[in-house]
Amino acid sequence: MNKIKIILAGPRGKMGQEALKMIEETQHFELVAAVDSKNDGLQVKDLSGAPESMEAPVYDDMENCIQAVEADVVVDLTRPDIGKKHLELALNHGIRTVIGTTGFSNDDLKRLTALAEEKSTGAIIAPNFAIGAILMMKFAKEASKYLPDIEIIEKHHDQKLDAPSGTALKTAQLITEVREEKSQGHPDEKEDLEGARGAELEGIRIHSVRLPGLVAHQEVIFGGVGQVLTIRHDSINRTSFMPGVRLAVESVMNIEGLVYGLENIME
Ligand SMILES: NC(=O)C1=CN([C@@H]2O[C@H](COP(=O)(O)OP(=O)(O)OC[C@H]3O[C@@H](n4cnc5c(N)ncnc54)[C@H](O)[C@@H]3O)[C@@H](O)[C@H]2O)C=CC1
Ligand SMILES: O=C(O)C1=N[C@H](C(=O)O)C[C@H](O)C1
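Keep in mind it's a predicted model, so treat the numbers as computed, not measured.

Colleague: So what exactly am I meant to see when it comes to the sheet that holds strand E11 (residues 227-235) here?
Modeller: Remark on secondary structure: sheet strands pair via backbone hydrogen bonds, oriented parallel or antiparallel. With mixed pairing, five strands are arranged side by side in an open sheet as E8-E9-E7-E10-E11. Single-partner strands in this sheet number two, and they are strand E8 (199-201) and E11. Within this sheet the neighbouring strands show an average axis-to-axis angle of 20°, counted without direction. Set on the sheet, helix H5 (residues 131-144) makes contact with strand E7 (149-156), strand E10 (216-224) and E11; between it and E11 the angle comes to about 160°.

Colleague: Got a minute to help me understand unusual backbone geometry in this structure?
Modeller: Excluding glycine, residues mostly carry a negative phi; peptide bonds, for their part, are mostly trans. Of note, the amide linkage connecting Ala163 to Pro164 takes the cis form, showing an omega dihedral of 0°. Tracing the backbone through its elements, the reader meets Pro164 in the loop between E7 and helix H6 (166-176). Positive phi outside glycine occurs at Asn39, with the angle close to 75°. For Asn39, a relative accessible area of 23% gives the class partly exposed.

Colleague: When you look at the sheet that holds strand E4 (residues 73-76) in this model, what are you seeing that I'm missing?
Modeller: Spatially, seven strands are ordered E3-E2-E1-E4-E5-E6-E12 in an open sheet, and the strand pairing comes out parallel. Strands with a single pairing partner mark the edges of an open sheet, and in this sheet they are strand E3 (58-59) and strand E12 (257-260). Both strand E2 (residues 29-35) and E3 contribute to a ladder of two bridges, which runs parallel. Directly across from Val35, in E3, lies its bridge partner Tyr59.

Colleague: Looking at this structure, I do not really get the UniProt feature "binding site: NADP(+)" (unreviewed entry) in the protein. What am I missing?
Modeller: Per the UniProt record, "binding site: NADP(+)" (unreviewed entry) is annotated on Lys38. Excluding anything up to four places from it in sequence, Lys38 contacts Arg12, Val58 and Asp60.

Colleague: How should H5 be read in this particular structure?
Modeller: Residue pairs three or four apart in sequence face the same way in an α-helix, which turns once every 3.6 residues. If you check H5, its first and last C-alpha atoms are 20 Å apart, about what 14 residues at 1.5 Å a residue would give, namely 20 Å. All of the buried residues along H5 are Ala133, Ile134, Met136, Met137, Ala140, Ala143 and Ser144. Its buried side turned inward, H5 meets E7, H6, E10 and E11.

Colleague: Mind showing me how you'd approach the packing of H5 against H6 here?
Modeller: The geometry of a pair of packed helices is captured by two quantities: the angle between their axes and the separation between those axes. Between H5 and H6, the least distance of the axes is 9 Å, while the angle of their chain directions is 35°. As for how H5 packs across H6, the hand of that crossing is right-handed. From H5, Met136, Met137, Ala140, Lys141 and Ser144 reach across to H6, where they touch Thr167, Lys170, Thr171, Leu174 and Ile175. Residue composition of the contact of H5 with H6, grouped by class: five nonpolar, three polar and two charged.

Colleague: Looking at this model, I keep getting lost on the site of ligand 2. Mind explaining?
Modeller: Close contacts around ligand 2 come from Thr102, Pro127, Asn128, His156, His157, Lys160, Asp162, Ser165, Gly166, Thr167, Ala216 and Phe241, and that covers them all. Between an oxygen atom of ligand 2 and a side-chain N or O atom of His157, the distance comes to 2.9 Å. Contacts to ligand 2 include Thr167, whose side-chain N or O atom sits 2.4 Å from an oxygen atom. Taken by itself ligand 2 offers 320 Å² of open surface, and the protein chains cover 85% of this. Class assignment for the residues of the shell around ligand 2 results in three nonpolar, seven polar and two charged.

Colleague: What is the right way to look at the domain arrangement of the protein in this model?
Modeller: Frequently, the measure chosen for interface size is the accessible area removed from exposure when the parts meet. Each assigned domain of the protein is listed here: domain 1 (4-125 + 239-264) and domain 2 (131-236). One C-alpha centre belongs to domain 1, the other to domain 2; they are set 28 Å apart. The partner domain 2 presents 13 residues to the eleven residues of domain 1 that form the contact. When domain 1 packs against domain 2, the two sides together hide about 990 Å² of surface, and 65% of this comes from carbon and sulfur. The largest share of the area that domain 1 buries against domain 2 comes from Thr102, Tyr260 and Glu263, three residues that together contribute 43% of it. Taken together, the connections running from domain 1 to domain 2 amount to one salt bridge. Measuring nitrogen to oxygen at the nearest pair gives 2.9 Å for the salt bridge that ties Glu263 to Lys170.

Reading guide: rules and limits
Sequence positions are assigned chain by chain, starting from 1 and proceeding in written order. Think of it this way: whatever chain is written first is A, whatever ligand is written first is 1, and the rest follow in order. Residue-level local features of this predicted model are given only where pLDDT is at least 70; pairs of side-chain atoms are given and counted only at 80 or more, and the full residue set underlies all totals for whole chains, interfaces and linings. The side-chain values count all of the structure's non-hydrogen atoms but skip hydrogen atoms and water molecules. When DSSP locates at least two bridges between a pair of strands, those strands are taken to pair. A run of H or I in DSSP counts as a helix once it spans at least four residues, and a run of E counts as a strand once it spans at least two, with each numbered from the N terminus. To obtain each axis, a line is fitted to C-alpha atoms, and for helices this fit is confined to the stretch in contact; angles are then taken between N-to-C directions over 0 to 180 degrees. Two residues form a contact once any of their heavy atoms are found within 4.5 Å. For every residue, the accessible area (1.4 Å probe, protein chains only) is compared with the maximum for its type, and the residue is labelled buried under 20%, exposed over 50%, or partly exposed between those bounds. UniProt positions are given in the numbering used here, feature names are shortened, and annotations may be inferred rather than shown by experiment. A helix is expected to span 1.5 Å for every residue after the first. When the near helix sits turned anticlockwise from the far one by under a right angle, the crossing is termed left-handed; a clockwise turn instead gives a right-handed crossing. Nonpolar residues are Ala, Val, Leu, Ile, Met, Phe, Trp, Tyr, Cys and Pro. Charged residues are Asp, Glu, Lys and Arg, and all others, Gly as well, are polar. Here, proximity means that at least one heavy atom of the residue falls within 4 Å of the molecule or strand. Any pair of N or O atoms that falls within 3.5 Å is considered a polar contact. Within protein, one atom must be able to donate a hydrogen and the other to accept it, and sequence-neighbouring residues count only if both atoms are side-chain atoms. For the accessible areas, the method is Shrake-Rupley and the probe is 1.4 Å, while residue cover comes only from the protein chains on display. What fixes the domain bounds is an automatic or database domain assignment. Accessible area that two parts lose when put together, with a 1.4 Å probe and added across both, is what the buried area reports. Think of a salt bridge as a Lys or Arg side-chain nitrogen and an Asp or Glu carboxyl oxygen that are within 4 Å of each other.

In C-alpha coordinates, the structure reads:
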(Lines give C-alpha, C1' and ligand atoms only; values in the text may rest on other atoms or scores of the structure.)
(Ligands and ions follow the chains in the order given, each with its own letter.)
Protein backbone atom coordinates (compact mmCIF):
# COMPACT_ATOMS: atom_id res chain seq x y z
CA MET A 1 0.00 0.00 0.00
CA ASN A 2 1.37 3.42 -0.96
CA LYS A 3 1.86 5.79 1.93
CA ILE A 4 -0.23 8.97 2.01
CA LYS A 5 2.20 11.89 1.66
CA ILE A 6 1.29 14.75 3.98
CA ILE A 7 2.22 18.43 4.29
CA LEU A 8 1.36 19.67 7.79
CA ALA A 9 0.79 23.39 8.36
CA GLY A 10 1.19 24.56 11.96
CA PRO A 11 3.66 21.93 13.28
CA ARG A 12 4.62 23.90 16.41
CA GLY A 13 1.03 24.52 17.52
CA LYS A 14 -0.86 22.60 20.21
CA MET A 15 -2.72 20.58 17.58
CA GLY A 16 0.24 20.46 15.20
CA GLN A 17 2.48 18.76 17.76
CA GLU A 18 -0.14 16.07 18.40
CA ALA A 19 -0.63 15.63 14.66
CA LEU A 20 3.10 15.08 14.12
CA LYS A 21 3.03 12.25 16.68
CA MET A 22 -0.06 10.75 15.06
CA ILE A 23 1.54 10.88 11.58
CA GLU A 24 4.69 9.25 12.93
CA GLU A 25 2.66 6.46 14.56
CA THR A 26 0.57 5.77 11.44
CA GLN A 27 2.37 3.32 9.17
CA HIS A 28 0.59 4.36 5.97
CA PHE A 29 1.24 8.12 6.52
CA GLU A 30 4.43 9.95 5.58
CA LEU A 31 5.23 13.55 6.48
CA VAL A 32 6.89 15.08 3.40
CA ALA A 33 7.10 18.69 4.67
CA ALA A 34 5.78 21.13 7.23
CA VAL A 35 4.74 24.75 6.77
CA ASP A 36 5.49 27.00 9.71
CA SER A 37 5.27 30.78 10.16
CA LYS A 38 9.11 30.77 10.47
CA ASN A 39 12.02 28.28 10.49
CA ASP A 40 12.31 28.03 6.69
CA GLY A 41 15.07 25.55 5.78
CA LEU A 42 15.10 23.66 9.08
CA GLN A 43 14.09 20.04 9.48
CA VAL A 44 10.87 19.16 11.35
CA LYS A 45 12.90 17.29 14.00
CA ASP A 46 14.57 20.64 14.87
CA LEU A 47 11.25 22.21 15.87
CA SER A 48 10.33 22.27 19.54
CA GLY A 49 7.89 19.49 20.43
CA ALA A 50 8.56 17.47 17.23
CA PRO A 51 9.54 13.78 17.27
CA GLU A 52 13.34 13.53 16.96
CA SER A 53 13.13 11.09 14.06
CA MET A 54 11.11 13.34 11.73
CA GLU A 55 13.21 14.11 8.67
CA ALA A 56 11.16 16.48 6.54
CA PRO A 57 11.89 20.04 5.41
CA VAL A 58 10.21 23.09 6.91
CA TYR A 59 8.96 25.90 4.63
CA ASP A 60 7.63 29.27 5.77
CA ASP A 61 5.40 29.58 2.71
CA MET A 62 2.75 27.12 1.47
CA GLU A 63 3.15 28.07 -2.20
CA ASN A 64 6.92 27.38 -2.11
CA CYS A 65 6.32 24.13 -0.25
CA ILE A 66 3.73 22.86 -2.73
CA GLN A 67 6.08 23.71 -5.63
CA ALA A 68 9.00 21.89 -3.99
CA VAL A 69 7.53 18.62 -2.67
CA GLU A 70 5.15 16.01 -3.99
CA ALA A 71 2.22 15.62 -1.60
CA ASP A 72 -1.19 13.91 -1.53
CA VAL A 73 -2.78 15.87 1.31
CA VAL A 74 -2.28 19.22 3.06
CA VAL A 75 -3.39 19.20 6.71
CA ASP A 76 -3.93 22.68 8.14
CA LEU A 77 -3.96 23.35 11.90
CA THR A 78 -3.06 27.04 12.02
CA ARG A 79 -5.27 30.12 12.45
CA PRO A 80 -8.43 31.32 10.69
CA ASP A 81 -6.85 33.77 8.20
CA ILE A 82 -4.05 31.33 7.29
CA GLY A 83 -6.26 28.22 7.05
CA LYS A 84 -8.46 29.86 4.41
CA LYS A 85 -5.41 30.96 2.41
CA HIS A 86 -3.86 27.49 2.58
CA LEU A 87 -7.04 25.73 1.49
CA GLU A 88 -7.41 28.06 -1.49
CA LEU A 89 -3.77 27.55 -2.50
CA ALA A 90 -3.92 23.77 -2.16
CA LEU A 91 -7.15 23.55 -4.18
CA ASN A 92 -5.68 25.75 -6.89
CA HIS A 93 -2.82 23.24 -7.14
CA GLY A 94 -5.27 20.30 -7.11
CA ILE A 95 -4.01 19.00 -3.75
CA ARG A 96 -6.47 17.37 -1.36
CA THR A 97 -6.81 19.19 1.96
CA VAL A 98 -7.96 18.53 5.52
CA ILE A 99 -8.73 21.67 7.50
CA GLY A 100 -9.03 21.52 11.29
CA THR A 101 -8.60 25.27 11.63
CA THR A 102 -11.83 27.01 12.62
CA GLY A 103 -13.21 30.50 11.97
CA PHE A 104 -14.75 29.90 8.53
CA SER A 105 -17.84 32.00 7.76
CA ASN A 106 -20.77 30.83 5.60
CA ASP A 107 -19.44 33.00 2.78
CA ASP A 108 -15.99 31.34 3.08
CA LEU A 109 -17.63 27.91 2.96
CA LYS A 110 -19.67 28.79 -0.14
CA ARG A 111 -16.65 30.22 -1.97
CA LEU A 112 -14.37 27.29 -1.10
CA THR A 113 -17.05 24.71 -1.92
CA ALA A 114 -17.32 26.24 -5.40
CA LEU A 115 -13.53 26.24 -5.80
CA ALA A 116 -13.20 22.57 -4.74
CA GLU A 117 -15.90 21.65 -7.26
CA GLU A 118 -14.28 23.71 -10.02
CA LYS A 119 -10.91 22.04 -9.36
CA SER A 120 -12.49 18.54 -8.89
CA THR A 121 -10.41 18.18 -5.74
CA GLY A 122 -11.37 16.68 -2.37
CA ALA A 123 -11.33 18.74 0.81
CA ILE A 124 -12.66 18.26 4.33
CA ILE A 125 -13.27 21.08 6.77
CA ALA A 126 -13.90 19.52 10.19
CA PRO A 127 -14.76 22.00 12.95
CA ASN A 128 -14.26 19.18 15.46
CA PHE A 129 -12.36 15.91 14.99
CA ALA A 130 -13.38 14.33 18.33
CA ILE A 131 -15.82 11.46 17.86
CA GLY A 132 -17.63 12.38 21.09
CA ALA A 133 -18.18 15.93 19.84
CA ILE A 134 -19.66 14.61 16.59
CA LEU A 135 -22.05 12.47 18.64
CA MET A 136 -22.95 15.47 20.82
CA MET A 137 -23.90 17.41 17.67
CA LYS A 138 -25.88 14.49 16.26
CA PHE A 139 -27.81 13.98 19.53
CA ALA A 140 -28.42 17.73 19.83
CA LYS A 141 -29.90 17.86 16.32
CA GLU A 142 -32.23 14.97 17.20
CA ALA A 143 -33.25 16.46 20.56
CA SER A 144 -34.04 19.84 18.97
CA LYS A 145 -36.99 18.27 17.13
CA TYR A 146 -38.68 17.69 20.49
CA LEU A 147 -37.18 20.44 22.67
CA PRO A 148 -36.73 23.49 20.41
CA ASP A 149 -35.70 26.03 23.08
CA ILE A 150 -31.91 25.79 23.04
CA GLU A 151 -28.83 27.61 24.27
CA ILE A 152 -25.21 26.58 23.66
CA ILE A 153 -22.34 27.22 26.04
CA GLU A 154 -18.88 26.52 24.63
CA LYS A 155 -15.78 26.77 26.82
CA HIS A 156 -12.21 26.90 25.57
CA HIS A 157 -8.66 27.77 26.64
CA ASP A 158 -7.87 31.49 26.58
CA GLN A 159 -5.49 31.29 23.58
CA LYS A 160 -8.34 30.63 21.16
CA LEU A 161 -8.68 33.28 18.44
CA ASP A 162 -12.20 32.66 17.10
CA ALA A 163 -15.54 32.99 18.87
CA PRO A 164 -17.92 31.34 18.82
CA SER A 165 -16.09 28.06 18.30
CA GLY A 166 -16.41 26.20 15.01
CA THR A 167 -18.14 23.41 16.91
CA ALA A 168 -20.79 25.74 18.36
CA LEU A 169 -21.50 27.20 14.92
CA LYS A 170 -21.74 23.75 13.37
CA THR A 171 -24.03 22.54 16.18
CA ALA A 172 -26.34 25.51 15.68
CA GLN A 173 -26.31 25.03 11.92
CA LEU A 174 -27.22 21.33 12.23
CA ILE A 175 -30.09 22.23 14.56
CA THR A 176 -31.43 24.84 12.13
CA GLU A 177 -31.74 22.07 9.51
CA VAL A 178 -34.56 20.51 11.54
CA ARG A 179 -35.85 23.34 13.75
CA GLU A 180 -37.96 26.27 12.60
CA GLU A 181 -36.43 29.67 13.31
CA LYS A 182 -37.84 30.86 16.60
CA SER A 183 -37.14 33.64 19.01
CA GLN A 184 -36.38 32.49 22.53
CA GLY A 185 -36.82 34.12 25.92
CA HIS A 186 -39.27 36.88 26.78
CA PRO A 187 -40.37 39.00 23.78
CA ASP A 188 -39.67 42.15 25.84
CA GLU A 189 -36.30 41.06 27.23
CA LYS A 190 -33.54 43.66 27.01
CA GLU A 191 -29.81 43.51 27.66
CA ASP A 192 -28.78 45.92 30.39
CA LEU A 193 -25.18 44.99 29.62
CA GLU A 194 -24.43 44.42 25.90
CA GLY A 195 -23.69 40.77 25.10
CA ALA A 196 -25.41 39.43 28.22
CA ARG A 197 -27.60 37.13 26.14
CA GLY A 198 -24.68 35.94 23.98
CA ALA A 199 -24.49 35.68 20.18
CA GLU A 200 -27.50 34.56 18.16
CA LEU A 201 -27.86 32.22 15.19
CA GLU A 202 -31.46 31.87 13.94
CA GLY A 203 -32.73 32.34 17.50
CA ILE A 204 -30.21 29.98 19.15
CA ARG A 205 -28.11 31.77 21.78
CA ILE A 206 -24.39 30.91 21.87
CA HIS A 207 -22.17 31.83 24.84
CA SER A 208 -18.36 31.62 24.65
CA VAL A 209 -16.20 31.17 27.74
CA ARG A 210 -12.39 31.59 27.51
CA LEU A 211 -10.27 30.62 30.52
CA PRO A 212 -6.82 29.15 31.21
CA GLY A 213 -7.14 25.53 32.31
CA LEU A 214 -9.89 24.69 29.82
CA VAL A 215 -9.26 22.61 26.65
CA ALA A 216 -12.49 22.27 24.60
CA HIS A 217 -15.95 21.81 26.12
CA GLN A 218 -19.53 22.34 25.03
CA GLU A 219 -22.99 22.06 26.57
CA VAL A 220 -26.16 22.16 24.51
CA ILE A 221 -29.01 22.97 26.88
CA PHE A 222 -32.64 22.24 25.99
CA GLY A 223 -35.45 23.73 28.07
CA GLY A 224 -38.91 22.13 28.16
CA VAL A 225 -41.92 22.40 30.41
CA GLY A 226 -40.76 21.33 33.86
CA GLN A 227 -37.51 19.83 32.53
CA VAL A 228 -34.03 20.62 31.22
CA LEU A 229 -31.86 18.34 29.07
CA THR A 230 -28.12 18.97 28.81
CA ILE A 231 -25.91 17.27 26.21
CA ARG A 232 -22.27 17.84 27.08
CA HIS A 233 -18.90 16.96 25.59
CA ASP A 234 -15.41 17.53 26.99
CA SER A 235 -12.09 17.13 25.24
CA ILE A 236 -9.72 16.81 28.19
CA ASN A 237 -6.65 16.74 25.95
CA ARG A 238 -5.81 17.05 22.25
CA THR A 239 -5.20 13.35 21.66
CA SER A 240 -9.04 13.24 21.51
CA PHE A 241 -8.87 14.83 18.06
CA MET A 242 -6.28 12.54 16.45
CA PRO A 243 -8.39 9.54 15.38
CA GLY A 244 -10.61 12.04 13.56
CA VAL A 245 -7.64 13.71 11.84
CA ARG A 246 -6.43 10.24 10.72
CA LEU A 247 -9.90 9.35 9.41
CA ALA A 248 -10.17 12.66 7.54
CA VAL A 249 -6.78 12.19 5.84
CA GLU A 250 -7.73 8.66 4.76
CA SER A 251 -11.20 9.71 3.58
CA VAL A 252 -10.16 12.81 1.65
CA MET A 253 -8.20 10.54 -0.70
CA ASN A 254 -11.52 9.18 -1.98
CA ILE A 255 -13.77 12.21 -2.20
CA GLU A 256 -14.31 14.99 -4.69
CA GLY A 257 -15.51 18.44 -3.63
CA LEU A 258 -15.68 19.99 -0.19
CA VAL A 259 -17.17 18.15 2.80
CA TYR A 260 -17.99 20.30 5.86
CA GLY A 261 -18.12 18.23 9.04
CA LEU A 262 -16.69 14.85 10.01
CA GLU A 263 -20.20 13.45 10.52
CA ASN A 264 -20.48 13.27 6.72
CA ILE A 265 -17.65 10.74 6.45
CA MET A 266 -18.30 8.69 9.62
CA GLU A 267 -20.38 5.55 9.26
N1 LIG B 1 -11.07 20.71 14.27
C2 LIG B 1 -10.70 20.38 15.50
O3 LIG B 1 -11.06 19.32 16.05
C4 LIG B 1 -9.81 21.31 16.24
C5 LIG B 1 -9.51 22.50 15.69
N6 LIG B 1 -8.69 23.37 16.33
C7 LIG B 1 -8.36 24.57 15.57
O8 LIG B 1 -7.07 24.37 15.02
C9 LIG B 1 -6.38 25.60 14.95
C10 LIG B 1 -5.04 25.48 15.69
O11 LIG B 1 -5.30 25.28 17.05
P12 LIG B 1 -4.10 25.20 18.11
O13 LIG B 1 -3.13 24.17 17.71
O14 LIG B 1 -4.75 25.11 19.44
O15 LIG B 1 -3.45 26.65 17.95
P16 LIG B 1 -1.94 27.10 18.22
O17 LIG B 1 -1.99 28.58 18.34
O18 LIG B 1 -1.38 26.30 19.34
O19 LIG B 1 -1.19 26.69 16.86
C20 LIG B 1 -1.30 27.38 15.65
C21 LIG B 1 0.02 27.30 14.94
O22 LIG B 1 -0.11 27.87 13.65
C23 LIG B 1 1.11 28.47 13.34
N24 LIG B 1 1.00 29.43 12.25
C25 LIG B 1 0.61 30.73 12.29
N26 LIG B 1 0.72 31.28 11.08
C27 LIG B 1 1.19 30.32 10.26
C28 LIG B 1 1.53 30.28 8.88
N29 LIG B 1 1.42 31.37 8.09
N30 LIG B 1 1.97 29.12 8.35
C31 LIG B 1 2.10 28.03 9.12
N32 LIG B 1 1.82 28.01 10.44
C33 LIG B 1 1.36 29.14 10.99
C34 LIG B 1 1.53 29.15 14.66
O35 LIG B 1 2.92 29.42 14.67
C36 LIG B 1 1.16 28.06 15.67
O37 LIG B 1 2.24 27.19 15.90
C38 LIG B 1 -7.33 26.65 15.53
O39 LIG B 1 -8.05 27.26 14.49
C40 LIG B 1 -8.29 25.83 16.38
O41 LIG B 1 -9.53 26.45 16.52
C42 LIG B 1 -8.14 23.09 17.53
C43 LIG B 1 -8.43 21.91 18.15
C44 LIG B 1 -9.30 20.92 17.57
O1 LIG C 1 -9.43 26.02 19.41
C2 LIG C 1 -9.65 24.91 19.91
O3 LIG C 1 -8.99 24.46 20.86
C4 LIG C 1 -10.74 24.10 19.35
N5 LIG C 1 -11.33 24.51 18.27
C6 LIG C 1 -12.37 23.85 17.58
C7 LIG C 1 -13.62 24.69 17.57
O8 LIG C 1 -13.51 25.92 17.36
O9 LIG C 1 -14.71 24.16 17.73
C10 LIG C 1 -12.58 22.43 18.03
C11 LIG C 1 -12.39 22.21 19.49
O12 LIG C 1 -13.47 22.76 20.14
C13 LIG C 1 -11.07 22.80 19.97
